[in-house]
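Each chain, letter by letter, is given below.
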Amino acid sequence: MSGRRQLMVANGGIQIQPIYGETGVWLKSGADVISSGMHMPYVEVEGMTQYVFSNGVASDAYLFGSGLQIVSNGGIAKNTAVHVEGRMSAFSGGLAENLNVYHSGEAHISSGALCTNATMSAYDTNAAKLYINTGGSASSATVLSGGYFVQRYGGIATDTTVSRGGLLYPVFGGSALNATIKSSGACSAGISGGFVSGITVESGGRLVVMSGGTALAVTSNTGATVVVSAGGYIEYA
């Protein structure tokens, strides 16, 4: 096999975290296929691709150094950690549960995929990136310092919490519903149809409705900052 190496979790195969004290499997090269009924321990994915599909389940994958995880067609990824230069992509019925995106990691949820209980955090501004693209959706995400949570091209996020240093950013037809912006967190309803509804901005939090953006059912607590640019639209709850 030449080029990028592959790890496949498919047809009911399950990759799981090993029992405490056991040695995990560190795969930098080669190919492993997990078929029905087989188990694969914790995997560090560096410079290779892990495919999860056809009811395969991957747990506790650690992506870094150009490692890539692709989740589709009924595949489930649980507790994936996306670190420096790691990438994760879910689409076509893929499910990402408890996704964690860290510094310089990036994840994309698209085309019928769902992401639940994701967390973004990094030590640099906007360095841990999660994109909800066309047909993708996310629920119950937490955006911490350095987190950059984007909804675009029809992607939808519900029940998001944005804390100090995090940014929620619906743009280009993306939507954020029922979000809470805490102290020093921010939301920018961006250009070309960014949409938020049911958003609560707590004391110290910030909401910016940019040109072409819309914010409905907004609750602004004492000490919150709300800015509406020319061409932006807002309605309060």
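Everything quoted here is computed from the prediction, not taken from an experiment. (Residues numbered from 1 in each chain as written. Predicted model: local features only at pLDDT ≥ 70, side-chain atom pairs only at ≥ 80, totals over all residues. Heavy atoms only, no water.)

1. Some points on the overall build of the protein
Inference 1: For the protein, the count of helices and strands is 0 helices and 34 strands.
Inference 2: In the protein, which comprises 237 residues, the share counted as buried stands at 45%.
Inference 3: Considering only contacts in the protein between residues 6 or more positions apart, those separated by 24 or more positions represent 21%. (Helix = DSSP H or I, 4+ residues; strand = E, 2+ residues; numbered from the N terminus. Buried < 20%, exposed > 50% of the residue type's maximum accessible area, 1.4 Å probe, protein only. Contact = heavy atoms within 4.5 Å.)

2. Digging into the pairing of strand β32 (residues 214-220)
Inference 1: As paired elements, strand β29 (residues 195-197) and β32 share 3 bridges and run parallel to each other. Across the sheet, Val-196 pairs through a bridge with Ala-215, a residue of β32.
Inference 2: Relative to β32, strand β30 (residues 200-201) is paired through 2 bridges, and the arrangement is parallel. By the bridge assignment for β32, Val-201 is matched with Ser-220. (Pairing = 2+ DSSP bridges.)

3. Describing the nonpolar core
Inference 1: Residues Met-88, Leu-130, Phe-149 and Leu-207 are the most contacted members of the largest nonpolar core, which totals 46 residues.
Inference 2: Where this core is concerned, the elements lending two or more residues are β6 (43-46), β7 (48-52), β13 (87-91), β16 (106-109), β19 (128-132), β28 (186-189), β31 (206-209) and β32.
Inference 3: Counting residues per element, this core draws most heavily on β19, which supplies 3 residues.
Inference 4: Excluding anything up to four places from it in sequence, Leu-130 contacts Leu-99, Ala-107, Ile-109, Cys-115, Ala-118, Met-120, Tyr-148, Phe-149 and Val-150.
Inference 5: Formed by 7 residues, the second largest nonpolar core is a distinct cluster that contains Leu-167, Tyr-169, Val-171 and Ala-186. (Core = buried A, V, L, I, M, F, W, Y, C linked by side-chain atoms within 4.5 Å.)

4. Here's the deal with the environment of Asn-98
Inference 1: Inspection of the secondary structure puts Asn-98 in the loop between β14 (95-97) and β15 (100-101).
Inference 2: Judged by its relative accessible area of 31%, Asn-98 falls in the partly exposed class.
Inference 3: For the pair Asn-98 and Lys-78, spaced 20 residues apart in the sequence, the C-alpha separation amounts to 6.0 Å.
Inference 4: Those residues in contact with Asn-98 that sit more than four places away from it in its chain are Asn-79, Thr-80, Thr-116 and Asn-117.
Inference 5: Side chain to side chain, Asn-98 and Asn-79 meet in a polar contact 3.3 Å long. (Polar contact = N/O pair within 3.5 Å; in protein donor to acceptor, adjacent residues only side chain to side chain.)

5. Some details on the packing of aromatic side chains
Inference 1: This model, assessed by the stated rule, comprises 4 aromatic pairs.
Inference 2: Taking 6.2 Å as the distance between ring centres and 85 degrees as the angle between the ring planes, the aromatic pair formed by Tyr-131 and Tyr-148 counts as edge-to-face. Here Tyr-148 lies in strand β22 (residues 147-152) and Tyr-131 lies in strand β19, a separation of 17 residues in the sequence.
Inference 3: Their ring planes at 40 degrees and their centres at 6.1 Å tell us that Tyr-148 and Tyr-169 sit as a pair that is tilted. Of this pair, Tyr-148 sits in strand β22 while Tyr-169 sits in strand β25 (residues 167-171), and the two are 21 residues apart along the sequence. (Phe/Tyr/Trp six-rings, centres within 6.5 Å; stacked < 30°, edge-to-face > 60°.)

6. Quick look at the confidence of the model for the protein
Inference 1: Residues with a pLDDT of 70 or more make up 82% of the protein, whose mean pLDDT is 85.
Inference 2: Counting interchain partners and residues more than four positions distant, the pLDDT-below-50 stretch residues 17-39 has 56 contacts. (pLDDT = per-residue confidence, 0-100.)

7. A closer look at the pairing of strand β10 (residues 68-72)
Inference 1: Burial analysis of β10 places 5 of its 5 residues in the buried class, the great majority of the element.
Inference 2: Taking every second residue as pointing to the same face, both faces of β10 are buried, with Leu-68, Ile-70 and Ser-72 on one and Gln-69 and Val-71 on the other.
Inference 3: Pairing of β7 with β10 involves 4 bridges; the strand directions are parallel. For Val-52, the partnering residue across the bridge sits in β10 and is Val-71.
Inference 4: Bridge analysis of β10 against β13 gives 5 bridges, and the strand direction is parallel.

8. Some words on the pattern of salt bridges
A side chain of one charge can pair with a side chain of the opposite charge when the charged atoms of the two come close.
Inference 1: One pass over the structure, following the stated rule, counts 1 salt bridge.
Inference 2: Note that Glu-202 and Lys-182 form a salt bridge whose closest N and O atoms lie 3.5 Å from each other. One end of the pair, Glu-202, is in the loop between β30 and β31; the other, Lys-182, is in the loop between β27 (180-181) and β28, and 20 residues separate them in sequence.
Inference 3: Judged by its relative accessible area of 26%, Glu-202 is partly exposed.
Inference 4: In this structure Lys-182 comes out as partly exposed when scored by relative accessible area, which is 30%. (Salt bridge = Lys/Arg side-chain N within 4 Å of Asp/Glu carboxyl O.)

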